[in-house]
Amino acid sequence: MSSSIMILMLSVSTFLGALGLVALLWGVKTGQFDDKSKFLDGARYDNEEELHDAVMMEEKQKAQKEKKKKEYRPAD
Amino acid sequence: MADIKCTHCNLTFDESVMIVEKDGDETCYFCCHGCQGVYHLLKDEGLDTFYAKLGENTLTPPKESEKEELEKYDYEGFQNRYTKLREDGLREINLVIEGIHCSACVWLNEKVLRKTDGVIEADINYTTNKAKVVWDDSALKLSKIIETIRSIGYNAFPYDPKLQEEYATKKRKDYYMRILVAVFGLMNIMWIAVAQYAGYFAGIEQKFKDILSVAEFILTTPVLFYSGWVFFRGAYYGFRNRMVNMDTLVASGALLTYLYSIYAMVTKNGEVYFESVVMIITFVLVGKYLEVLGKKQAVDTLDLLKSTIPTEVIKLQNNGEKVICAVENINIGDILEIKAGEKVVIDGKIVEGSGYFDESSLSGESIPILKKEGDLVLSGSVCSDALIRYEATKDSSSSLLASIVTLLEDSITKKPKIEQIANSISGYFSIIILLIAIVTFIGWLYFTQDVQRALIVSISVIVIACPCALGLATPMATLVGIGVAARRGILFKEATFLETMAKSTLVALDKTGTVTEGKPSVITADISKDIDPKLIYSLVSTSTHPISLGVKNYLESQFEDIQTVTIKDAKNIQGRGISGIHGNKKVYGGNEAYMQELGIAITKKPLNSLFFIADDSKLLATFELKDQLKEGAKETIANLKKLGLKIVMLTGDHDQSAQAIAQEAGITEYHAELLPQDKAAFIDGLKSKGEIVTMVGDGINDSIALSKSNIAIAMGGGADVAIGVSDVVLIDESVKKIEDAFRISRRSYRAIKENISFSIIYNIIAVPMAIMGYVYPLVAALSMSLSSLVVVGNSIRIKRLRFKEKN
């Protein structure tokens, strides 16, 4: 076994593991694990309608942001 | 007639009382108009899939909403106190939602809120029932949001997130992320270390060894500096306060081992110890995380208590008009009105009316007290039956309830941990090791003039002094101890409490609910043949007074399947008793004063409370009631004395009943008629005399004393606040568990001492060798692992602790 193969194995496996860790940390940071029971029920209640709702909320937030942008535009 | 389920709330009622409605092909039954209204609202909004999600769960039927109350939510003062203006111009509020029973309720509330125009974000936590709502103030008013929640049958009230909840959650999350990184690093380093160990014994080429070392180095670096950051910070604060604490040891040990390993890696000389760096950081960090979890629970319960305090009161203006007024705006001398079932928020003196007040949350006394004009009412008590007007004698911030909450907040954030840390043996030990390392460095430098050699030898002193064995000595033993305790229904919130509890010298017990059952029960009964027990049973069932409940329970236990008979015209006579008519016969039940009023002679004169049943002419039954000792209380107290503990009983009750209970339980020292603050002051007095005090209690009235004591034990069924501020919780409320808790803590403390003495002996042998520069890599690697294993094994022995009763 050459040392380059060993370096490759170590770096690839550690990198893949690190990707998983980063995803998990992102989940924790954005509050996706804050409520255990909701996390579990999310799967139970998941359907098309929920997706519509999520899109609706996102659009609402986007619209809000745009509205603010307009308001804060300096008068010229 | 059959019982039938309400279509909305799923509660079952008799068919005859239900509102029946044809809805298409289906027949719906509703228990009230509230349920009917909500059902149609959900149906119209297309949210009726809620019922499929609800399944078999039941809901609380919605209350009729009170319109005028909602206005206050839009006042500026209210908004400033409870809401937060975000940078993007949106407002944010934290609400506690009342009436959530299941995840379907969470779903419904979120759904409805999100559908409302102007709501930008709505998140509800199922566990705490807390909601975070972000909305656009220009498009929607806060009162509208509250109204929306009410319209679907729930209620929402705001709470102040500036408390500590947010901070505690953030801290917990922070720790959790650090642990994730540490565990990831640990798992990966371990399998690399396996290769390295194998190579050590079977022979390995230097180039492979270098690759493995570099891989370990890459994995260790984030663990040490990201996960281990808390220890560096702790060590820094310790250094600023001129204290050497556990953090100093962990931080310096891990950092020096890390530096030494880098040196060994770069010079290809000696062994690397990256895996011990990661191991020590991870294990100690997990221990710390468990402590953070405990603290968060305390904060949660405190928030809940605050949210139950009413925020407004009814004030009478000079012209007799009633206005709803925020609690903060009440001045001394204002006349306030309180209705039956309401909680008093401001201390005052009654000017009109009389009624019973339940002060159980303040004094622990379970029997409501009659208060007349001129009597003082205390905040925190609940008016149980009448409309009362009283004059405020204090403002909101100095009223009793508010001051209890403030005191608790202070004690949670400022609990003196410093003395515990300073007392712990490991603190001293780490100073010694650091000193020895410095002396070794100076010695080698002086005698050999070789800086590099001196540095390596002194680092090897610290490495071999084994942060593992010493670092694990306390956490391992306490973790096992906590596990053993938890299996017996004793919850220790923090590991260090085991140590403090083992050292405690005095136990202060609360009387009601701790030593005694907390509710009166019948000890003797004398029922004449002329009366049917069913009649007594029916009569006492009409009242919720603790004495009536005691008699009711007694009758239920004496006569199987006892049924009620119809009682007409049942009346509660204040301070006297109850009366009713059965058939054409009048029946009275009450105390001695009531009987004298009826002209019935009473001859019996015992110490305990009496309850009589009579008709117009003669006495028909007598019950003697007493608050009884809990099962096993006497033996437990005797056993605690055998363990060398002093026992004191503290109570808000009368001297007479305290004396009786103390005598029965075998307690020689007791103090009666103490207010919550008095109890706390008493604990402070004991502490200043040098006693280490363990306090056991269960009510809000004990909570200040609990927070002041060195170790606080709360009964699981007690008030949430009491559980929140205490360090140890006994789940099943049994007194015997107090003794178990002491035995477990003392056994664990012994294991800690054994572990530490082992590490000291180990170090006495290993450190001199290191000082002389004779540390062979093989010895270092083996002794490091072995010393840790010994500590772990010794700690597991705690599990073999025997308890008297087998189960």
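*Asks:* Is there a simple way to think about the overall build of chain B in this case?
*Replies:* For chain B, the count of helices and strands is 28 helices and 31 strands. Taken over 807 residues, chain B has a buried fraction of 43%. Here the contacts in chain B between residues at least 6 apart in sequence split such that 66% fall between residues at least 24 apart.

*Asks:* Mind showing me how you'd approach the overall build of chain A here?
*Replies:* Looking only at helices and strands, chain A features 3 helices and 0 strands. Seen in sequence order, chain A has helices and strands lined up from the N terminus as α-α-α. The 76 residues of chain A split such that 5% are buried.

*Asks:* Looking at this model, I keep getting lost on the interface of chain B and chain A. Mind explaining?
*Replies:* A common way to state how big an interface is: give the accessible area lost once the parts meet. Every contact between the two is made by 25 residues of chain B and, on the other side, 23 residues of chain A. Among the secondary structure elements, those contributing two or more residues to the side of chain B that touches chain A are helix H4 (103-115), helix H6 (165-202) and helix H7 (206-227) of chain B. A breakdown of the residues in the side of chain B that touches chain A according to their chemical character gives 13 nonpolar, 5 polar and 7 charged.

*Asks:* Can you help me understand the nonpolar core in this one?
*Replies:* All names here are of chain B. Among the nonpolar cores identified, the biggest contains 63 residues, and Ala-508, Met-649, Met-695, Ile-713, Val-728 and Ala-741 are the most heavily contacted of them. At 8 residues, helix H27 (residues 736-771) tops the list of elements feeding residues into this core. Setting aside residues up to four positions removed in sequence, Met-649 forms contacts with Leu-509, Lys-511, Val-515, Ala-658, Ala-662, Ile-667 and Tyr-670. With 41 residues, the next largest nonpolar core counts Leu-42, Leu-54, Leu-90 and Ile-93 among its residues.

*Asks:* Looking at this structure, I do not really get the sheet that holds strand S26 (residues 619-629) of chain B. What am I missing?
*Replies:* Strands in a sheet are paired, the pairing made by backbone hydrogen bonds, and the direction either parallel or antiparallel. Residues and elements named next belong to chain B. Pairing within the open sheet is antiparallel, and its 6 strands lie in the order S21-S26-S25-S24-S23-S22. Looking at the sheet topology across the chains shown, the edges are occupied by strand S21 (516-527) and strand S22 (568-573). Across the sheet, the mean angle from the axis of one strand to that of its neighbour is 15 degrees, orientation sign disregarded. Inspection of the sheet shows strand S24 (residues 585-590) paired to strand S25 (residues 609-614) by 3 bridges, in the antiparallel sense. From the neighbouring strand, Tyr-588 faces S25, where its bridge partner is Ala-614.

*Asks:* When you look at the packing of helix H19 (residues 533-541) of chain B against helix H20 (residues 546-558) of chain B in this model, what are you seeing that I'm missing?
*Replies:* When two helices pack together, their arrangement is captured by the angle between the axes and the distance separating the axes. Residue and element names in this part refer to chain B. Contact geometry of H19 with H20 gives a least axis separation of 9 Å together with a crossing angle of 145 degrees. For the element pair H19 and H20, the recorded crossing hand is left-handed. Residue-level inspection shows Pro-533, Ile-536, Tyr-537, Val-540 and Ser-541 of H19 in contact with H20, the latter providing Ser-548, Val-551, Lys-552 and Leu-555. The class makeup of the residues in the contact of H19 with H20 is 6 nonpolar, 2 polar and 1 charged.

*Asks:* Help me understand the confidence of the model for chain B, please; the structure alone is not making it clear to me.
*Replies:* Residue and element names in this part refer to chain B. Residues at a pLDDT of 70 or more form 81% of chain B, whose mean pLDDT is 76. Within chain B, H7 carries the highest mean pLDDT (91), whereas helix H13 (residues 418-423) carries the lowest (41). Between residues 412-423, whose pLDDT stays under 50, and residues either more than four places distant or in other chains, the model counts 11 contacts. Note on the complex model: pTM 0.54, ipTM 0.76.

*Asks:* Can you help me understand unusual backbone geometry in this one?
*Replies:* Residues and elements named next belong to chain B. One non-glycine residue, Glu-673, lies in positive phi territory at about 55 degrees. Mapped onto the elements, Glu-673 comes out in the loop between strand S28 (669-671) and helix H24 (676-688). Judged by C-beta crowding, with 12 C-beta atoms within 10 Å, Glu-673 ranks as exposed.

*Asks:* What exactly am I supposed to notice about helix H1 (residues 3-29) of chain A here?
*Replies:* Along an α-helix, a turn takes 3.6 residues, which lines up residues three or four apart on a common side. Residues and elements named next belong to chain A. Look at H1: 38 Å from first C-alpha to last across 27 residues, which is about the 39 Å you get at 1.5 Å a residue. The buried fraction of H1 is low, at 1 of 27 residues. Gly-31, located one to two residues past H1, shows a positive phi value of around 80 degrees.

*Asks:* Looking at this model, I keep getting lost on the sheet that holds strand S30 (residues 711-715) of chain B. Mind explaining?
*Replies:* Residue and element names in this part refer to chain B. Taken in spatial order, the 7 strands line up as S19-S31-S30-S29-S20-S27-S28 in an open sheet, and their pairing is mixed. At either end of the open sheet lies a strand with only one pairing partner, and these are strand S19 (490-492) and S28. On average, each strand axis in the sheet is tilted by 20 degrees relative to the strand beside it, whichever way the strands run. Lying on the sheet, H24 is in contact with strand S20 (506-510), strand S27 (646-650), S28 and strand S29 (693-697); it crosses S29 at an angle near 160 degrees.

*Asks:* In this structure, what is going on with the environment of B:Thr128? I would like to understand it.
*Replies:* Note that B:Thr128 resides in the loop between strand S7 (119-124) and strand S8 (130-135). Counting along the chain gives 28 residues from B:Thr128 to B:Ile100, while the straight-line C-alpha distance between them is 9.8 Å.

*Asks:* For this particular structure, what's the right way to read the environment of B:Lys130?
*Replies:* Residue and element names in this part refer to chain B. Its location among the elements puts Lys-130 in strand S8. Separated by 33 residues in the primary sequence, Lys-130 and Ile-97 place their C-alpha atoms 6.2 Å from one another. Apart from the residues lying within four places of it in its own chain, the contact partners of Lys-130 are Asn-94, Val-96 and Asn-125.

*Asks:* Got a minute to help me understand the confidence of the model for chain A in this structure?
*Replies:* Low-confidence regions, as indicated by low pLDDT, have predicted coordinates that should not be scrutinised in detail. Chain-level pLDDT for chain A is 80 on average; 88% of the residues reach the 70-or-more range. The lowest-confidence element of chain A is helix H2 (residues 36-44) of chain A, averaging 72 in pLDDT; the highest-confidence one is H1(A), averaging 91.

*Asks:* What's the story with the environment of B:Val351 in this structure? I'm lost.
*Replies:* The topology assignment puts B:Val351 in strand S13 (residues 348-352). Residue contacts for B:Val351: discarding those within four places in its chain leaves B:Ile335, B:Glu373, B:Arg389, B:Tyr390 and B:Glu391.

*Asks:* Is there a simple way to think about helix H8 (residues 229-240) of chain B in this case?
*Replies:* Residue and element names in this part refer to chain B. Over its 12 residues, H8 runs 17 Å from end to end, which matches the ideal 16 Å to within 8%, given 1.5 Å per residue. The complete set of buried residues in H8 reads Val-230, Phe-231, Ala-235 and Gly-238. The buried residues of H8 occupy an angular sector of 130 degrees when projected down its axis, which confines them to one face. In this structure, H8 carries Arg-233, Tyr-237 and Arg-240 as exposed residues pointing more than 90 degrees from its buried face.

*Asks:* What is the right way to look at the pairing of strand S4 (residues 26-30) of chain B in this model?
*Replies:* Side chains on a regular strand alternate between the two faces of the sheet. All names here are of chain B. Summarising the sheet, strand S3 (residues 19-23) and S4 pair through 5 bridges and their orientation is antiparallel. Counterpart to Val-20 in the pairing with S4 is Tyr-29. Between the end of S3 and the start of S4, which pair antiparallel, lie 2 residues, with Gly-24 showing a positive phi angle near 65 degrees.

*Asks:* Just to check I follow, could you spell out the packing of helix H17 (residues 496-503) of chain B against H27(B) for this structure?
*Replies:* Residues and elements named next belong to chain B. At a minimum axis separation of 8 Å, H17 and H27 run at an interaxial angle of 105 degrees. For the element pair H17 / H27, the angle class is roughly perpendicular. Counted together, Leu-498, Glu-499, Met-501 and Ala-502 of H17 and Ala-741, Phe-742, Ser-745, Arg-746, Ser-748, Tyr-749 and Ile-752 of H27 form the full contact between these two elements. Here the residues of the contact of H17 with H27 sort into 7 nonpolar, 2 polar and 2 charged.

Definitions and limits used
Residues numbered from 1 in each chain as written. Chains lettered and ligands numbered in written order. Predicted model: local features only at pLDDT ≥ 70, side-chain atom pairs only at ≥ 80, totals over all residues. Helix = DSSP H or I, 4+ residues; strand = E, 2+ residues; numbered from the N terminus. Buried ≥ 20, exposed ≤ 12 C-beta atoms within 10 Å, placed from the backbone. Contact = placed C-beta atoms within 7 Å. Nonpolar A, V, L, I, M, F, W, Y, C, P; charged D, E, K, R; others polar. Core = buried A, V, L, I, M, F, W, Y, C linked by C-beta atoms within 7 Å. Pairing = 2+ DSSP bridges. Axes fitted to C-alpha atoms, helices over the stretch in contact; angles between N-to-C directions. Left-handed = near helix turned anticlockwise from the far one by under 90°. pLDDT = per-residue confidence, 0-100. Expected span 1.5 Å × (residues − 1). Arc of directions from axis to C-beta. Parallel < 35°, antiparallel > 145°, perpendicular 65-115°, else oblique.

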